[in-house]
Amino acid sequence: MNARLIPADGSAPIDLVKDLTLFGRDEDCDVRVDQKGVSKLHCVVVKTDGLLLIRDLGSTNGTRVNGQRIRRAALLPNDQLGVANVSFQVKFGAELEAVLAPPPPPEKKAPAKAPAKRNAHPDVYPDPQSPRP
């Protein structure tokens, strides 16, 4: 399963490629967030069976999902994840596929046809329903 965190500050997105991703200030963390409010070992995100689960590791400033402080929670597409004072938007599944999909190629239009013109000449052939002289 592909999963991505999109930082609210506009920096580069973070792809969650491992089954267990550790967040924090420590150099050994998978996602190193070098901010004063982030704990050395802040939280962990686990990918399992098409779900993303998050668990706070006893951080000082907390982990939030959609503004609510959590100890552990399931993440859904488009959830807002807060690691201390750093915010991310969660993308995975169909939501991520929509972001990753290349734009559809432009449709090829058929060449414009000239509008049909009415024949200015009267019918050359007589109407079959009219009587013959």
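Just so you know, these numbers come straight off a predicted model, no measurement behind them. (Residues numbered from 1 in each chain as written. Predicted model: local features only at pLDDT ≥ 70, side-chain atom pairs only at ≥ 80, totals over all residues. Heavy atoms only, no water.)

### Thoughts on the sheet that holds strand β8 (residues 68-70)
For step 1, the next point in the chain: Reading across the sheet, the 6 strands line up as β2-β1-β11-β10-β7-β8 and stay open at both edges, with antiparallel pairing between neighbours. Every other strand in the sheet has two partners, leaving β2 (14-15) and β8 as the edge strands with one partner each.
For step 2, the next point in the chain: In this sheet, strand β10 (residues 80-83) lies alongside strand β7 (residues 63-65) in antiparallel orientation, the contact comprising 3 bridges. Its bridge partner lying in β10, R64 is registered against G82. (Pairing = 2+ DSSP bridges. Helix = DSSP H or I, 4+ residues; strand = E, 2+ residues; numbered from the N terminus.)

### Here's the deal with the pairing of strand β3 (residues 20-24)
For step 1, the next point in the chain: Here β3 pairs with strand β5 (residues 43-48) via 4 bridges, running antiparallel. Among the inter-strand pairings, L20 is bridged to a residue of β5, identified as V46.

### Observations concerning the layout of surface pockets
For step 1, the next point in the chain: The computed volume of the largest pocket comes to approximately 170 Å³.
For step 2, the next point in the chain: Taken together, 13 residues make up the lining of the largest pocket; nearest its centre are D9, S11, V33, V86 and F88.
For step 3, the next point in the chain: Broken down by element, the lining of the largest pocket gets its largest block of residues, 3 residues, from strand β11 (residues 86-92).
For step 4, the next point in the chain: Per-class residue counts for the lining of the largest pocket are 7 nonpolar, 3 polar and 3 charged. (1 Å grid on protein atoms, 1.4 Å probe; cavity = no way out; pocket = protein on both sides within 12 Å on 5 of 7 lines; lining within 4 Å. Points joined across faces, edges and corners; volume = space filled by probe spheres on them. Nonpolar A, V, L, I, M, F, W, Y, C, P; charged D, E, K, R; others polar.)

### As for the packing of aromatic side chains
For step 1, the next point in the chain: Under the defined criterion, the tally for this structure stands at 1 aromatic pair.
For step 2, the next point in the chain: Judged by centre distance (6.3 Å) and plane angle (70 degrees), the rings of F23 and F88 are edge-to-face. In this pair, F23 sits in strand β3 while F88 sits in strand β11, placing the two residues 65 residues apart along the sequence. No difference in accessibility class separates F23 from F88, as the two residues are buried. (Phe/Tyr/Trp six-rings, centres within 6.5 Å; stacked < 30°, edge-to-face > 60°. Buried < 20%, exposed > 50% of the residue type's maximum accessible area, 1.4 Å probe, protein only.)

### Regarding the nonpolar core
For step 1, the next point in the chain: With 21 residues, the main nonpolar core has F23, L52, I54 and L81 as its most contacted residues.
For step 2, the next point in the chain: Those elements that provide at least two residues to this core are β1 (3-7), β5, β6 (51-56), β9 (72-75), β10 and β11.
For step 3, the next point in the chain: Setting aside its immediate chain neighbours within four residues, F23 contacts L5, L16, C29, V31, V33, K40, L41, H42, C43, V45 and V83. (Core = buried A, V, L, I, M, F, W, Y, C linked by side-chain atoms within 4.5 Å. Contact = heavy atoms within 4.5 Å.)

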